[in-house]
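Examining the three-dimensional arrangement
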Amino acid sequence: MAAAAEAGALPAEERVGQVVLPGDVLLLPSHPEADGARLWLGPGAALPGRLVCGPGLRSCGAGLLVTKGGLLRHRQPGGAGGGSGGAYWVDSQQKRYVPVKGDHVIGIVTIKAGDIFKVDVGGSEQASLSYLAFEGATKRNRPNVQVGDLIYGQFVVANKDMEPEMVCIDSSGRANGMGVIGHEGLLFKVSLGLIRKLLAPNCEIIQELGQLYPFEIVFGMNGRIWVKAKTIQQTLIVANILEACEHMTAEQRTQAFAKLSER
Amino acid sequence: MAGEVKTKLSKNLLRMKFMQRGLDSETKKQLEEEEKKIISEEHWYLDLPELKEKESFIIEERSFMPCEDLLYGRMSFKGFNPEIEKLMIQMNSRYKKEEIEADDTAEADVSDEEMARRYETLVGTIGKKFLKKRDQRVLQDEDENSNMRPSKAKKMFLKPQD
């Protein structure tokens, strides 16, 4: 029993890029607990900054405990020491969204009740959105939001104990692109992993798509994408490509794009 | 005589607001602590030793945004929506600026040295405007002594000779 427990516990750095399962323990390099212990780090080593324990991981005793199955990812600490320490997280796949504070999502207004709107974001509960949480909204000047409108906003309160709340302004009161999304266009659902892949800093899919036609696109972290192009056909083409590219390899994708750009 | 014997003011009187305005922060703190002591003696408390909070190096984060450095979710291509395109540049560059705090290589129209030179002379010229005539003279003498650069001979007012 003891051997089995020890076999699961490996240093975190070794398992980066491997599949981890819930229940695995990842050991972290021991942090100096007393001030005297810092000396052994050596003159060249930087002080360990705060390590970010991302989604799918929890801190427990000696290290990190895995709570979701997936690939373990790591990001090196950036900046000159003063910045954040590295980050570990589990890259897992799921279709069901769980509201998280700070995430930008696309929601559909379902109920308009007095001062608040109820917005369906694909989670277990509907999020509430106050009418004052729009740019330039006052008690007299209400925003023009109807039932069935699409809203792009971010969560301010999102935990398992409370009803999620979202707003369409940032901390300084500006909209920054949030708010009601226009009337035309197409909304469709994809898996959460695809959204993260598409929003990664150097995503080729988006760059290649951008070369095809002029269009506008909004990504919600809850798996919803809204696309609008000049004609309905172009909109549908973009939507189909995005849905399909989750399962295509790079060569298949380039072939598909080549076919499209010929037309 | 009356000044030597100071009447002792009661604590309730000292607690009143108009008496506290003149006190300095230290006496205020002392009074607050005394009050807290009176209250806390009636309250029940756990007789445990003080537990030190472990300084945790691990921050738990449930969102993917800081981990993977995701881009802003709203995008527009080929000029479909110019406002969104402006916003894209703004948000993504603002995000990158937060990363690159150390290098401050902002491209300026005027280089730093040029700016320093101009500013130096500017401060001098505008400062002279507000000097009185006597000070201007003194300044002039100092300039001639300390200045390394050959300065033009200032044309003084010549009194017309009869």
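Predicted, not measured: the structure shown is a model, and the values here were computed from it.

Details of the sheet that holds strand 4 (residues 51-53) of chain A
Across the sheet, 5 strands lie side by side as 2(A)-7(A)-8(A)-4(A)-1(B); this open sheet has mixed pairing. Two strands lie at the open edges of the sheet, namely strand 2 (19-20) of chain A together with strand 1 (58-60) of chain B, each paired on one side alone. Two strands pair when backbone bridges link them, and strand 7 (residues 70-75) of chain A and strand 8 (residues 87-91) of chain A are joined in this way by 5 bridges, in the antiparallel orientation. The residue bridging A:Leu71 from the neighbouring strand is A:Asp91, located in strand 8 of chain A.

Details of the environment of A:Pro55
Mapped onto the elements, A:Pro55 comes out in the loop between strand 4 and strand 5 (57-60). A:Pro55 gets classed as buried once you look at its relative accessible area, which sits at 7%. For the pair formed by A:Pro55 and A:Ser92, sequence separation is 37 residues and the distance between their alpha carbons is 9.1 Å. Once residues within four sequence positions are removed from consideration, A:Pro55 is found in contact with A:Trp89, A:Val90, B:Glu61, B:Arg62, B:Ser63, B:Phe64 and B:Cys67.

Some words on unusual backbone geometry
Of note, B:Asp69 is a non-glycine position whose phi angle comes to about 55°, a positive value. Phi at B:Lys78 is positive, roughly 55°, even though this residue is not glycine.

Looking at the sheet that holds strand 15 (residues 186-189) of chain A
Strand order in this open sheet of 4 strands is 15(A)-17(A)-16(A)-2(B), and the pairing throughout is antiparallel. The open sheet terminates on both sides in strands that have one partner only, identified here as strand 15 of chain A together with strand 2 (74-77) of chain B. Strand-to-strand twist across the sheet, computed as the mean angle between neighbouring axes with direction ignored, equals 20°. As defined by bridge partners, strand 16 (residues 215-219) of chain A adjoins strand 17 (residues 224-229) of chain A across 5 bridges and the pair is classed as antiparallel. Looking across to strand 17 of chain A, one finds that A:Phe215 is bridged to A:Ala229.

A look at the state of the cysteines
Considering all chains together, one arrives at 0 disulfides over all chains under this definition. Of all cysteine sulfurs, the one in B:Cys67 lies closest to A:Cys53, which takes part in no disulfide; the gap is 8.8 Å. For A:Cys53, a relative accessible area of 0% gives the class buried. With no disulfide of its own, A:Cys60 lies 9.4 Å from the sulfur of A:Cys53, the closest cysteine sulfur.

Rules behind the numbers
- Residues numbered from 1 in each chain as written.
- Chains lettered and ligands numbered in written order.
- Predicted model: local features only at pLDDT ≥ 70, side-chain atom pairs only at ≥ 80, totals over all residues.
- Heavy atoms only, no water.
- Pairing = 2+ DSSP bridges.
- Helix = DSSP H or I, 4+ residues; strand = E, 2+ residues; numbered from the N terminus.
- Buried < 20%, exposed > 50% of the residue type's maximum accessible area, 1.4 Å probe, protein only.
- Contact = heavy atoms within 4.5 Å.
- Axes fitted to C-alpha atoms, helices over the stretch in contact; angles between N-to-C directions.
- Disulfide = S-S within 2.5 Å.

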